[in-house]
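# A closer look at the structure
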Amino acid sequence: MTHRIRVFSLMATVCLLGTFGVSSKLGAADAPNILFIFTDDHASQSISAYGSQINQTPALDRIAREGMLFRRCYVPNSICGPVRAVIQTGKYSHKNGFLVNGNKFDGHQPTFPKLLQKAGYQTAVVGKWHLGEHMPPQGYDYSEVLIGQGPYYNPPMLKNGQRVKHVGYTTDIITDLALDWLKRKRDPNQPFMLMYQHKAPHRNWQPGPRHLTLYDDVTIPEPETLFDNYAGRGTPAKTQDMSIAKTMTASDLKLEAPKNLTPEQLKAWNAAYEPKNRAFREANLTGDALVRWKYQRYVKDYLRCVASVDENVGRVLDYLSESGLADNTIVVYSSDQGFYLGEHGWFDKRWMYEESLRTPFMVRWPGVVEAGSINQDIVSPLDFAATFLDVAGAEIPGDMQGRSLVPILRGQTPGDWRKTFYYHYYEFPGWHDVRRHYGVTDGRYKLIHFYEDDVNEWELYDLETDPHELQSLYGSRQIASVQQNLLAELQRLRRELAVPEVDPSASLRGGQDNPNSPATRSRAGKP
Ligand code: CA
């Protein structure tokens, strides 16, 4: 109700200003700023606010401590570009046209930053974009973005469409750009929405100069399912190509140095990795011992990249406090999906299984969100666009499939909030050989349909009795009524969301989703 009154008074102000011929943009002057911090492939298992057993993230924890942490933020399609398109549009992949990495985002369609501009916001995006370079990001007053995946060091970037070159560590550089925009480039008389988006901790997890030897002296605990044999699940879990044991390359494992470092960067890199690599070669590991070594190397590098993100997010939070912006700025932290940190023997994402379905989501909104609150509602990046528009007092287009989270942020979950969630992954054939699937979850039970002609299988899990999703219960008598209800709910959701019976394009090919292009991957070889 409070919100409606605010919108109403905002509209009155706009009308009044309109009468006097003043730009309606001024009407939003006291609206909250939005700082959207976004990372790539950040597993909530590596955020201490989410209970990480393997690292500490003090800056990210601060957002949770001073805001709301969401435990059930589910992505509609667990892969990089598609989730970014979902966020821009508030629509599922089959509606926004971006189904797999390698698709080109149609920037002509309505997106939330365009609508925020109309509502009087100035908008900017710095860092990873990953929706294609065929046109600059649409709906932004300022953009400085990586090209494609972008490298971890010395990234070329597109500044408002023009190529510029940076020297340094990409996580630091993106943060410098975000701070520079906040300090010097924006108009302080307008509310802002800044998307501050990291490449990290995406594959292939190259640590920054300050973290090259972090964790050298510790052993990171292994997940219980590191040596999963996939009994209890169907064909797809057995035929994937995303295992620590078999899929990782020499460059993933840092048995070769990155090719694009400056002499100084390379010297620091080699000083950190050469002694460790020498010891590894001399040990001549095989079997489980080799997998254990790869896990340690992988997860330590991943956590080093996370440490840099945390440190840099801390710099930005400090600036918000020092500048006085913090009081009227909503800080959102999220990632494009979750990730496997050795669970099921895997890295990467894509599956509707928990680690990749869930993504971290925390919101600090001083005076509105109760500090330290934890939410269990089923929410999604699908809801971000509607939420940001609601915050700005702008109208939410009727065809957006997400819904504003503002009532939930105020601690008042609407009675008709969603109780189930629809998921759909399309990228097969593609990287890592994860089969196309869709499914439904209610937060406890999960029904998954792998729906291709040659692999047409169902799986059903009960997270209460089987939190690691090791034993599919599909077809078992004890759960027949649950299965029947989920099947009906799945059909209802597919109708409601207008999911086509046949996938939108018959010629989907997974595009480049890792730093090793197909050409470099074939060269990389196995360690
Ligand atoms: Ca990603």
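The written sequence of each chain sets the order in which its residues are numbered from 1. Where totals are concerned, whole chains, interfaces and linings use all residues; where local detail is concerned, this predicted model gives features only for residues with pLDDT of at least 70, and gives and counts side-chain atom pairs only at 80 or more. Water and hydrogen atoms play no part in the side-chain values, which are based on all heavy atoms of the structure.

Our next topic: the overall build of the protein. Along the protein, the regular secondary structure elements total 14 helices and 14 strands. For the radius of gyration, the atoms used are the C-alpha atoms, and the globule rule reads 2.2 Å times the number of residues raised to 0.38. Whereas a compact globule of 527 residues would reach a radius of gyration of roughly 24 Å, the protein reaches 23 Å, a difference of no more than 12%. A principal-axis box enclosing the C-alpha atoms of the protein has dimensions of 80 × 65 × 45 Å. Evaluated residue by residue, the protein yields a buried proportion of 61% over its 527 residues. By definition, residues are in contact when any of their heavy atoms lie within 4.5 Å. The contacts of the protein with a sequence gap of at least 6 include a subset with a gap of at least 24, amounting to 70%. Within the structure as shown, the protein displays about 20700 Å² of accessible surface, and the carbon and sulfur contribution to it stands at 52%. What counts as a helix is a DSSP run of H or I of at least four residues, what counts as a strand is a run of E of at least two, and both are numbered from the N terminus. Think of it in three bands: residues with accessible area under 20% of the maximum for their type are buried, residues over 50% are exposed, and the middle band is partly exposed, with areas taken using a 1.4 Å probe on protein chains only. Residue exposure ignores everything except the shown protein chains as possible cover, and the areas themselves are Shrake-Rupley values with a 1.4 Å probe.

Next up on the list: the coordination of the calcium ion. D40 (OD), D41 (OD), C80 (SG), D336 (OD), D336 (OD) and Q337 (OE1) make up the full set of protein donors to the calcium ion, lying at 2.2 to 2.6 Å. For the calcium ion, the six donor atoms are set out with angles of 52 to 162° between them, so the coordination reads as irregular. A relative accessible area of 0% places C80 in the buried class. Each metal's donors are the N, O and S atoms found within 2.8 Å of it, except that Na, K and Ca use a 3.2 Å limit; water is left out, so coordination can look incomplete. A four-donor site is classed as tetrahedral when every donor-metal-donor angle falls between 85 and 135 degrees; four donors are called square planar, and six octahedral, when trans pairs exceed 155 degrees and all remaining angles lie between 65 and 115, with any other arrangement labelled irregular.

So, on to the nonpolar core. In this description, a nonpolar core means a group of buried Ala, Val, Leu, Ile, Met, Phe, Trp, Tyr and Cys residues linked to one another through side-chain atoms lying within 4.5 Å. Counting 87 residues, the largest nonpolar core has F112, Y353 and F361 as its most contacted members. Setting aside residues no more than four positions away along its own chain, F361 makes contact with Y50, M68, L69, F70, C73, V332, Y333, S334, V379, F384 and L405. Of all hydrophobic cores here, the second largest spans 67 residues; its members include F192, L226, C305 and V331.

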